[in-house]
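# Understanding the architecture of this molecule
Take a look at the letters that make up each chain.
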Amino acid sequence: MSPSKKVDPRLLSPLLLVHINQLLTLCSNKPGPRRAAALKELGVIEDAAVLCIGGKIVSAGKTKDALSDPWLKKNRSKVTEIDCAGKVVLPGFVDSHTHPAFISPRLVDFEKRIAGATYEEIAEAGGGIRSSVEAVRRAEKKHLAEKVLSGLQEMSAHGTTTVEAKSGYGLSLESEIKSLEAIRDAANHWPGTVVPTLLGAHVVPKEFKKNPQKYVDVICQQMIPQAAKRKLAKFVDVFCDKGAFTAEDTERIFAAATKNGLAVRVHVCQLSETVLWPLLRFHPASFDHMDHVNDDDIPQLAKRDTVATLVPGANYFLGLKNYPPARRLIDAGVPVALATDYNPGSSPTPAMPFVLSLACTHMKMSPEEAIAAATMNGAWSVGLQDRKGSIEPGKDADLAIFDAKDYREIPYWFGVNRCEVTVLNGEKIGRGNSPAKI
Ligand SMILES: [Zn+2]
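Summary of the structure given here.

Conventions used here
- In this numbering scheme, every chain counts its residues from 1 along its sequence in written order.
- Residue-level local features of this predicted model are given only where pLDDT is at least 70; pairs of side-chain atoms are given and counted only at 80 or more, and the full residue set underlies all totals for whole chains, interfaces and linings.
- Water and hydrogen atoms play no part in the side-chain values, which are based on all heavy atoms of the structure.
- Any N, O or S atom lying within 2.8 Å of the metal counts as a donor, and for Na, K and Ca the limit rises to 3.2 Å; water is left out, so some sites can look incomplete.
- Geometry assignment treats four donors as tetrahedral when all angles are between 85 and 135 degrees, treats four as square planar and six as octahedral when opposite donors are over 155 degrees apart and all others between 65 and 115, and treats everything else as irregular.
- Strands are runs of DSSP state E lasting at least 2 residues, helices are runs of H or I lasting at least 4, and numbering of each runs from the N terminus.
- For every residue, the accessible area obtained with a 1.4 Å probe (protein chains only) is divided by the maximum for its type, and the residue is called buried under 20%, exposed over 50%, and partly exposed between those limits.
- Any two strands are treated as partners once DSSP identifies two or more bridges connecting them.
- Fitted lines through C-alpha atoms give the axes, limited to the stretch in contact for helices. The angle between two N-to-C directions lies from 0 to 180 degrees.
- What counts as a salt bridge is simple: a side-chain nitrogen of Lys or Arg found within 4 Å of a carboxyl oxygen of Asp or Glu.
- In this description, a nonpolar core means a group of buried Ala, Val, Leu, Ile, Met, Phe, Trp, Tyr and Cys residues linked to one another through side-chain atoms lying within 4.5 Å.
- Only heavy atoms matter for contacts: two residues are in contact if any of them lie within 4.5 Å across the pair.
- Stacked, edge-to-face and tilted are the three classes for Phe, Tyr and Trp ring pairs, Trp counted by its six-membered ring, which pair at centre distances within 6.5 Å; planes under 30 degrees apart are stacked, over 60 edge-to-face, the rest tilted.

## Description of the coordination of the zinc ion
Taken together, His97 (NE2), His99 (NE2), His267 (NE2) and Asp341 (OD) make up the protein donors of the zinc ion, found 2.0 to 2.8 Å from the metal. Around the zinc ion sit four donor atoms; with metal-centred angles ranging over 78 to 169°, the donor geometry is irregular. Mapping the donors of the zinc ion onto the primary sequence gives the spacing H-x1-H-x167-H-x73-D. Here His99, found in the loop between strand E6 (93-98) and helix H3 (107-114), pairs with His267, found in strand E10 (residues 263-268); they are 168 residues apart in sequence, far enough to count as distant. For the residue pair His99 and His267, the accessibility class agrees, reading buried in each case.

Encoded structure:
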């Protein structure tokens, strides 16, 4: 792999951000993922400073308080300082739903869909998920890892510091494990944090079309135990929807995951209404998509910590009229997160700010709600709420510096990258073509 291995955060020089116009700490006294009115609390501090040492946040508060700190006074010459006057600083985005283990864009799908072709017609023309699967099966692991890494780098250029990364275009024991190894290898070359997920249950591969249960057996008896034993995945995911896997299949797969010590998350209600209650006993970290959620399920979800992860990039790219019902979910008290769903078929975007923009314009989330959903609630959705999602002492030094005076500009501008610097576990990465003032 070309770029060098990541640096041990303990060896990084201390980093001080000063004169931040608006620092969004996302701190809150309320326990659990953010819901209802608490989703609007950004914990804004003006003329703020953040000090990071050894990849961790040490302090966050007013600039004048930071500069009068005795340790800083003595050690200022050893500290890398970034003047953030006129900038917004927020926790790095937690992109809690991505499919980066693919080889090529799906341009046949794109063109055919524009021309009005159906899903079946696209598949017949050599497009669809099958084309991604054939390419991943043929690919060398190193090549696949380089593809994953380039996706991660594009994400961090837009302010993302933690990524949940799924396999799911291998659909055989060998190729799913190869995909998870590629995700691991890419993660070892990227300074951010990657949460790997086994999505062997993406669709039934063609060789098992006549006997899908046999494929569920492969997932439960081979893929899950191997991924768990080799610590290649933290989560197991299932595409539980029309044309993919049933609720019964999902329960079987979740039971195998639980038995092997892996947590679960699930694609639901994207194409049709999914019955959610049989899945709740497995305490899924996240229900993802949720376009067609049943009204009766919403009050049940409001009582739980399972996060509803909404991915409006897919609705945008597929040209759908309807978007996930964010207002109904938020107003009822369901914790909501936002993610890119980065994938070659339905959401080829690495950019969280664009997803925030869609959330505001098409789902009527406020800028405050969109930001909290993309940071703190994303962290909850991947089980990293103790380390990620807010800027407070002891948490990982994951920050995004935006060329904006006001945080509402983050979802306001679209089609342009206003993220100037991203700090991932204390390591700062500037935007290639921006005049770096570091
Ligand atoms: Zn997905």
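## Observations regarding the sheet that holds strand E8 (residues 193-201)
Taken together, eight strands build an open sheet; the order of strands is E6-E7-E8-E9-E10-E11-E12-E13 and the sheet is parallel. Each edge of the sheet is formed by a strand with only one pairing partner; in this case those strands are E6 and strand E13 (336-338). Averaged over all pairs of adjacent strands, the angle between their axes in this sheet comes to 25°, without regard to strand direction. Pairing geometry for strand E7 (residues 160-166) and E8, over five bridges, is parallel. Within the sheet, the bridge partner assigned to Ala165 lies in E8 and is Pro196.

## What to know about helix H14 (residues 352-363)
For H14, a buried count of ten out of twelve residues is recorded, marking the element as mostly surrounded by other parts of the structure. Listed as buried for H14 are Met352, Pro353, Phe354, Val355, Leu356, Ser357, Leu358, Ala359, Cys360 and Met363. Once H14 finishes, Lys364 follows within two positions and takes phi at roughly 60°, a positive value.

## Focus: the pattern of salt bridges
For the structure on display, the rule yields 29 salt bridges. Across the pair Glu181 and Lys141 runs a salt bridge, and its minimum N-O distance is 3.3 Å. Of this pair, Glu181 sits in helix H7 (residues 173-187) while Lys141 sits in helix H6 (residues 141-157), and the two are 40 residues apart along the sequence. Classification of Glu181 as buried rests on a relative accessible area of 12%. The closest approach of N and O atoms between Arg418 and Glu409, which form a salt bridge, is 4.0 Å. Overlapping salt bridges bring together Lys56, Arg387, Lys388, Asp396 and Asp398 as one network.

## Quick notes on the nonpolar core
In this structure, Met290 and Leu338 are the most contacted members of the largest nonpolar core, which totals 106 residues. Setting aside its immediate chain neighbours within four residues, Met290 contacts Val268, Cys269, Leu276, Leu301, Ala308, Leu310 and Pro325. Counting 17 residues, the second-largest nonpolar core is a separate cluster that includes Leu15, Ile82, Ile391 and Leu399.

## Concerning the packing of aromatic side chains
Inspection of every chain in the model, using the stated rule, returns eight aromatic pairs. Both rings, one in Phe93 and one in Phe402, keep their centres 6.1 Å apart while their planes meet at 70°; by these two values the pair is edge-to-face. Here Phe93 is found in strand E6, whereas its partner Phe402 is found in strand E14 (residues 399-402), with 309 residues between them in sequence. A single burial state applies to Phe93 and to Phe402, both of which are buried. Each ring, one from Tyr316 and one from Phe354, has its centre 5.2 Å from the other, and the planes form 80°; the classification is edge-to-face. Here Tyr316 is found in helix H12 (residues 312-317), whereas its partner Phe354 is found in helix H14, with 38 residues between them in sequence. Given a relative accessible area of 45%, Tyr316 falls into the partly exposed group. Members of the aromatic cluster, connected to one another through ring pairs, are Phe208, Tyr215 and Phe245.

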